[in-house]
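Structural characterization, general
For reference, the chains in residue letters:
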Amino acid sequence: MLHLFNQKNINAFVNPREGETKLGQSVQVIATIDTLQKATAKFVIIGVPEDIGVKMNYGNGGAHTAFNPALKSFLNTQENQFIKGEDILILGYLDYLDEVSKFDGADREKGDFLVKAIDKELSSIIKIIIEADKTPIVIGGGHNNAYGNLKGLSEGKKQPINVINLDAHTDLRRLEERHSGNGFSYAIEHNYLEKYFMFGLHENYTPQYVFDYIHSNTNIDYNTYEELEIYKSIPLENELLRAQNFVQEKPFGIEIDLDCIQNFPSSAMTPTGFTTQHVREFVHYFAKNKNASYIHICEGAPAVMQDSSAINQVGKFISYLITDFIKAKK
């Protein structure tokens, strides 16, 4: 259920101003996904506004509310010497909003069916974008969508691929119903994902069986937020380099779970975590690598705050991460 954006859709988001050019006034759109190959834009933005996978993982709903404010903020970004709209194509979004509004997290069978349906559609689209030699920018939605990104990149590149995940959680839970806590487990199980590095795990929220699994697998590595920022037992700069060396030999994805940011409106808000500055620097650092093949920004949930200002703040921050990624790749 891919909803493609046309120019009229884009114009509805843009607030033009005389003497200025906003990105939304020069981004590209396409009429059918079959014509993507002919588009000259290098970056393709797609939204997955759903929170079914989050609710299946017993989390708070609201992750479906981040895409629109993020897109609005992004499209109203100034076009200038640092970024050009012509390099960017706004594809559209996967429309599961009706299912989102009706979904009861207690219905495990239906939730499993819906998440798998999103997996299938998203992975197919990511594969098309990769085969068109373009770079996906995916705005979630729950972190369950990491599976679709990884499968699509792997199939597009015709090999198992790697990933770096900035996250408070491993998302390596058991192979049960599909949800936001086992996207990476399934990607490993199905041989789409080879090397997986988790950056900034919270020690309090990782089960011992997951740590045991990690320690038994040489293709999985991690550090913890506590080691980096509380105990100060490992230098951040060294860990950035170690993580990059771990994943950079193959095409790799950059996964950003906004749950890792202190007091950020998200599906699993935390009172302690990285700053927004840390996250922007992280994106810039890894996006510069030639093998960085997509970015996925997920779990933003302005609806959890019951505050209208949160909508603008979440949208604006996601927009910053998008532009940081594009600038680093350029």
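Figured I'd write up the structure that's included with this text. What you are looking at is a predicted structure, and each value in this text was computed from that prediction instead of being measured.

1. Re the nonpolar core
Judged by nonpolar contacts, the single largest core of 54 residues is most densely connected at I90, F199, I254 and I256. Apart from residues no more than four positions distant in its own chain, I254 is found in contact with I164, F282, F286, A287, A292, Y294, I295, H296 and F325. Counting 42 residues, the second largest nonpolar core, distinct from the first, contains V44, L89, L122 and A132.

2. Re the sheet that holds strand β1 (residues 2–4)
Read across the open sheet, the 9 strands follow the order β1-β3-β2-β4-β9-β8-β5-β6-β7; overall the sheet is mixed. The open sheet has two free edges, formed respectively by β1 and β7 (220–224), since each of these has just one partner strand. Across the sheet, the axes of successive neighbouring strands diverge by a mean angle of 20°, strand direction being ignored. Judged from the 6 bridges that link them, strand β8 (residues 252–257) and strand β9 (residues 292–298) form a sheet pairing that is parallel. Following the sheet pairing, E255 is matched in β9 by H296. Sitting on the sheet, helix α3 (residues 67–75) touches β2 (43–48), β3 (88–94) and β4 (135–140), and the angle it makes with β3 is about 165°. In the packing of helix α5 (residues 108–131) onto the sheet, the strands contacted are β1, β2, β3, β4 and β9, and the crossing angle to β3 comes to about 165°.

3. A closer look at unusual backbone geometry
Here G140 and G141 are connected by a cis peptide whose omega angle stands at 5°. Inspection of the secondary structure assignment puts G141 in the loop between β4 and α6 (146–157). At K158, a position not held by glycine, the phi torsion is positive, near 60°. Within the fold, K158 resides in the loop between α6 and β5 (161–166). We note that N263 has phi near 60°; this positive angle belongs to a residue other than glycine. Locating N263 in the fold gives a position in the loop between β8 and α11 (276–287).

Cut-offs and rules
Residues numbered from 1 in each chain as written. Predicted model: local features only at pLDDT ≥ 70, side-chain atom pairs only at ≥ 80, totals over all residues. Heavy atoms only, no water. Core = buried A, V, L, I, M, F, W, Y, C linked by side-chain atoms within 4.5 Å. Buried < 20%, exposed > 50% of the residue type's maximum accessible area, 1.4 Å probe, protein only. Contact = heavy atoms within 4.5 Å. Pairing = 2+ DSSP bridges. Helix = DSSP H or I, 4+ residues; strand = E, 2+ residues; numbered from the N terminus. Axes fitted to C-alpha atoms, helices over the stretch in contact; angles between N-to-C directions.

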